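# A structural walkthrough
Here are the chains, one letter per residue:
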Amino acid sequence: MNGLLKVLRLAPWILFGACVLISFCGFNLNPIFIWLTLLSFVVELGLVAVKKGLVFYMLRRLGEALVTLWLIASLTFLLLRILPGGPFDEEKALPPDVKASIEAKYKLHDPLLKQYADYLKGIVTGDLGESYKYTGRNVADIITESVPDSVQLGIYSILVAYLIGIPFGVWAAARQGTWIDALLMTLAISGVAMPSFLIAPIFILIFCFGLGWFEPALWLGPAYYVLPTIVLGIRPAASIARLTRASVLEVIRSDFIRTAKAKGLEESKVLFKHVLRNSMIPVLSLTGPLVASVLTGSFVIEQIFAIPGSAKHLIQSVSNRDYPLILGMTLLFSALLVIANLITDLLISVIDPRVKMS
Amino acid sequence: MSEAWARLKKHRAAVISAWVIIILTLIAILAPVIAPHPYDEQFLDQVLASPNARFWLGTDSLGRDMLSRLIYGARVSMAVAFFTAILSLLIGTVYGAASGWFGGWIDGAMMRFVDILDSIPSLVLLILVKVVFDSFSLISEPEWKSMTSMLLALSLVSWVTLARTVRGQVLQVKQMAFVEGARAAGSSSLRMVGIHILPNIMGPVIVLLTFQIPANILAESFMSFLGLGLQPPFASWGVLANDGWRTLRSFPHLMISPGVAIFTAMLAFNLLGDGLRDALDPQMRGRM
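Residue numbers here run from 1 along each chain, matching the order of that chain's written sequence. Ligands are numbered from 1 and chains lettered from A, in the order in which they are written. With pLDDT at 70 or above as the cut-off, local features in this predicted model cover only qualifying residues; side-chain atom pairs require 80 or more to be listed or tallied, and sums for whole chains, interfaces and linings still use all residues.

## Section: the overall build of chain B
- The helix count covers DSSP runs of H or I at least four residues long, the strand count covers runs of E at least two residues long, and both are numbered beginning at the N terminus. Looking only at helices and strands, chain B features twelve helices and zero strands.
- Going from the N terminus to the C terminus, chain B shows its helices and strands as α-α-α-α-α-α-α-α-α-α-α-α.
- Counting only C-alpha atoms and orienting by the principal axes, one finds that chain B spans roughly 75 × 50 × 30 Å.
- The exposure scheme places C-beta atoms from the backbone and then counts, for each residue, the other C-beta atoms within 10 Å of its own, assigning buried at 20 or more, exposed at 12 or fewer, and partly exposed in between. The buried share of chain B, reckoned over its 288 residues, is 45%.
- The contact rule is simple: place each C-beta atom from the backbone, and if two of them lie within 7 Å, those residues are in contact. At a minimum sequence separation of 6, the contacts of chain B that also span at least 24 residues come to 71%.

Below, the structure written as structure tokens:
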């Protein structure tokens, strides 16, 4: 019974790992599989929430996230509507009746409040309006078409960041004060200071033009995924390594570790069971800011590696003054960040033994 | 304070970084004197030259000396970063101090606004703010328009962390005995914040500011690299990297040299920030 429960608790992570592996190998991921993974996470979170008495807390956090998104949507809407100069004021002035009929098509003559109400209704029903530039295409379609590549890139990079950052951080902490520690921390601070348009060309020159292992552009399979993922993951990996080291050192010095050692627990058991578990909490709570930095970094990475993701559309929508697309993309990127913050908070509340019903 | 100074001087990496920053600043200020050529002079017989004795870092696709452009780029990049850091310091300090001092529902509302700004990825926010400034056509020259909108956008985006820190510090200091004493002696709110509280929270603010400058250098170069930033003739390091990226395969030095310049500046500011943090606030040692 207990064994079965353990397998069930691991199920979401196994599913998640499978999703990442399948998509990384270049196979098409069936959407049912993704929904199943999400569902299993929700079920697990729900179970833990009931067990720890956190149901109310989780629902409140969910509500807060929704309110934040609503406020962002409203602020952006207002911002773009009060701008002087309509989107159709181009250098070549349109005949007034043509302009009027275009504006009527996009319902720009409606009272502001009605436009706002329509806009909110559209968000809920998944209709973000027609793009000004790509006539006939709904912004929601542009998003669903481009977002999988961006999300893939982001998730790989964050995984790479943790897989590199945590082991190196722990290693540096375990060898505190030696040359290994000094070397690793020098690498880490260099990684923090490294702009992606320095490291990307160097990698492209070595691995694409020199060795011919990977592809320098587009997003079509494993050979295309490796370089952008690593280049985007380096900065977060470096911050994670620094934070992990600091956090492990702090936990090692704390009283309960001294107690654990004093009562004769094996060194390795103390390290893995007590030190790591407790020092991971600040590291995991960095996930929110990390997602923010990966989102920002992905703009440059998508540009350098010509990845057909969402960032490209936001940049183009700005120069085209394509307001529905700007609105949709702002909402998309904010939603990604808000969701990442929400998941981080919920995971922390599950892992951290100090978070109990409050 | 002298104690902190002594601690900082023992931090070797921070001292070296401080010197690097001073040298970079001097290069930026003295650009017209140091640069071997004017940054926009074209040598049409030397287009896309590799590094050689006359052009140490080669020339770009319009035959301009890359070293001179890098030196002038230091001017633009550093000036933008310093100026926006100072502006965001002003906004962040006033906002954070007001929020922390008034407390209650004002504090709640003000911090809620900060939370919302924090939920929009900074590059997206930067783009939005720039869109707004660009559409108010107050300035007609395109290069100054893009410069002012970049300056304002960067300062409006980066004050959030500062405001949070200042608020936290004000809340802490507000509880202390000497502030109680000053209040009992009849000091006005403004006077209290200005004279008694602000000097006490300068330490963490200086540290944050030192980390804000490299962040602004990077943000500006990202925007310029994406083509949403500065316009010629302002050639910041990001603009140079964007130019070089188009000829990466044949002439990688054009993209790598501005990258190295940004790396050096970022590394120096980050290391100095680490040193300052350890010196001013020993308890924070080793944290992010």
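## Remarks on the overall build of chain A
- Regarding its fold elements, chain A presents 14 helices and zero strands.
- When the elements of chain A are put in sequence order from the N terminus, they spell out α-α-α-α-α-α-α-α-α-α-α-α-α-α.
- When burial is assessed residue by residue, chain A has 34% of its 358 residues classed as buried.
- The contacts in chain A between residues at least 6 apart in sequence include a share of 73% that link residues at least 24 apart.

## As for the packing of helix 8 (residues 196-210) of chain A against helix 12 (residues 287-304) of chain A
Residue and element names in this part refer to chain A.
- A fitted line through C-alpha atoms represents every axis, and for helices the fit uses only the stretch in contact; the resulting angles, taken between N-to-C directions, go from 0 to 180 degrees. Running from amino to carboxyl end, helix 8 crosses helix 12 at an angle of 30°, the nearest separation of the two axes being 11 Å. The way helix 8 lies across helix 12 gives a crossing that is right-handed. Across the interface between the two elements, Ser196, Phe197 and Ala200 of helix 8 pack against Gly297, Val300, Ile301 and Ile304 of helix 12.
- Classes in brief: Ala, Val, Leu, Ile, Met, Phe, Trp, Tyr, Cys and Pro nonpolar; Asp, Glu, Lys and Arg charged; the others, Gly included, polar. The residue inventory of the contact of helix 8 with helix 12, partitioned by class, reads five nonpolar, two polar and no charged. Crossings are classed by handedness, with left-handed meaning an anticlockwise turn of the near helix from the far one by less than a right angle and right-handed meaning a clockwise turn.

## Details of the interface of chain B and chain A
- Between chain B and chain A, the residue contacts involve 38 residues of the former and 42 residues of the latter.
- Counting residues per element, the side of chain B that touches chain A draws most heavily on helix 12 (residues 253-280) of chain B, which supplies ten residues.
- Split into classes, the residues belonging to the side of chain B that touches chain A amount to 28 nonpolar, seven polar and three charged.

## Thoughts on the domain arrangement of chain A
Residue and element names in this part refer to chain A.
- An automatic or database domain assignment is the source of the domain bounds shown. Assigned domains of chain A: these are domain 1 (1-51) and domain 2 (139-351).
- Counting residues at the interface gives seven residues for domain 1 and nine residues for domain 2.
- Those elements giving two or more residues to the side of domain 1 that touches domain 2 turn out to be helix 1 (2-24) and helix 2 (31-52).
- Ranked by residues supplied to the side of domain 1 that touches domain 2, first place goes to helix 1 with three residues.
- Tallied by class, residues from the side of domain 1 that touches domain 2 come to five nonpolar, two polar and no charged.

## Examining the nonpolar core
- To define a nonpolar core, we join buried Ala, Val, Leu, Ile, Met, Phe, Trp, Tyr and Cys residues through C-beta atoms within 7 Å and take the resulting set. Counting 151 residues, the largest nonpolar core has Val231 and Ile240 of chain A together with Leu126, Ile127 and Phe222 of chain B as its most contacted members.
- Of all the elements, helix 12 of chain B adds the most residues to this core, at 15 residues.
- Sequence-distant contacts of Val231 of chain A, that is, excluding residues within four places in its chain, are made with Ser196, Ile199, Ala200, Phe203 and Ile301 of chain A.

## Description of the environment of Asp97 of chain A
Residue and element names in this part refer to chain A.
- Among the secondary structure elements, Asp97 is positioned in helix 4 (residues 96-105).
- Looking at Asp97, the number of C-beta atoms within 10 Å reads 8, which means it is exposed.
- Distance in space between the C-alpha atoms of Asp97 and Leu295 is 42 Å, their sequence separation being 198 residues.

## Let's talk about helix 10 (residues 255-262) of chain A
- When you tally the buried positions in helix 10 of chain A, you get zero out of eight residues, a small fraction of the element.
- The first or second residue beyond helix 10 of chain A is Gly264 of chain A, which carries a positive phi of 90°.

## Description of the confidence of the model for chain B
Residue and element names in this part refer to chain B.
- pLDDT is a per-residue confidence score from the predictor, ranging from 0 to 100. Looking at chain B as a whole, the pLDDT averages 84, with 96% of positions reaching at least 70.
- Within chain B, the lowest mean pLDDT, 72, falls on helix 9 (residues 189-197), and the highest, 91, falls on helix 2 (residues 12-29).
- Both scores are available for the predicted complex, with the pTM at 0.87 and the ipTM at 0.84.

## Thoughts on the packing of helix 1 (residues 2-10) of chain B against helix 12 of chain B
Residues and elements named next belong to chain B.
- Contact geometry for helix 1 and helix 12: axes closest at 8 Å, N-to-C directions at 140°. Here helix 1 lies oblique to helix 12, going by the angle between them. The two elements helix 1 and helix 12 cross, and the hand of that crossing is right-handed. Facing Ala4, Arg7 and Leu8 of helix 1, the residues of helix 12 in contact are Gly275, Leu276, Asp278, Ala279 and Leu280. Roughly parallel covers angles under 35 degrees, roughly antiparallel covers those over 145, roughly perpendicular covers 65 to 115, and oblique covers all other angles.

## Concerning the environment of Ala238 of chain A
All names here are of chain A.
- Checked against the element boundaries, Ala238 lands in helix 9 (residues 222-252).
- Judged by local crowding, Ala238 falls into the buried class, with 24 C-beta atoms found within 10 Å.
- Measuring from C-alpha to C-alpha, the distance between Ala238 and Phe41 comes to 28 Å, with 197 residues separating the pair along the chain.
- With near-sequence residues (within four places) excluded, Ala238 lies in contact with Ala188, Gly191 and Val192.

## Considerations on unusual backbone geometry
Residues and elements named next belong to chain A.
- Despite not being glycine, Leu218 has its phi angle at roughly 75°, a positive value.
- Structurally, the position occupied by Leu218 is in the loop between helix 8 and helix 9.
- Of note, Ala306 is a non-glycine position whose phi angle comes to about 50°, a positive value.
- With respect to the secondary-structure elements, Ala306 resides in the loop between helix 12 and helix 13 (310-320).

## Digging into the environment of Leu342 of chain A
All names here are of chain A.
- With respect to the helices and strands, the residue Leu342 is situated in helix 14 (residues 323-351).
- Residue classification places Leu342 among the partly exposed positions, given that 18 C-beta atoms sit within 10 Å.
- Along the primary structure Leu342 and Ala65 are separated by 277 residues, whereas in three dimensions their C-alpha atoms are 7.1 Å apart.
- Non-local contacts of Leu342, meaning those with residues more than four positions away in its chain, are made with Arg61, Leu62 and Ala65.

## What about helix 12 of chain A?
Residues and elements named next belong to chain A.
- For helix 12, spanning 18 residues, the distance from its first C-alpha to its last is 25 Å, which sits close to the expected 26 Å at 1.5 Å a residue.
- Of all 18 residues in helix 12, 16 are buried, a share of seventy percent or more.
- With its phi angle positive at about 50°, Ala306 sits one or two positions after the end of helix 12. For a helix, the expected span equals 1.5 Å multiplied by the number of residues minus one.

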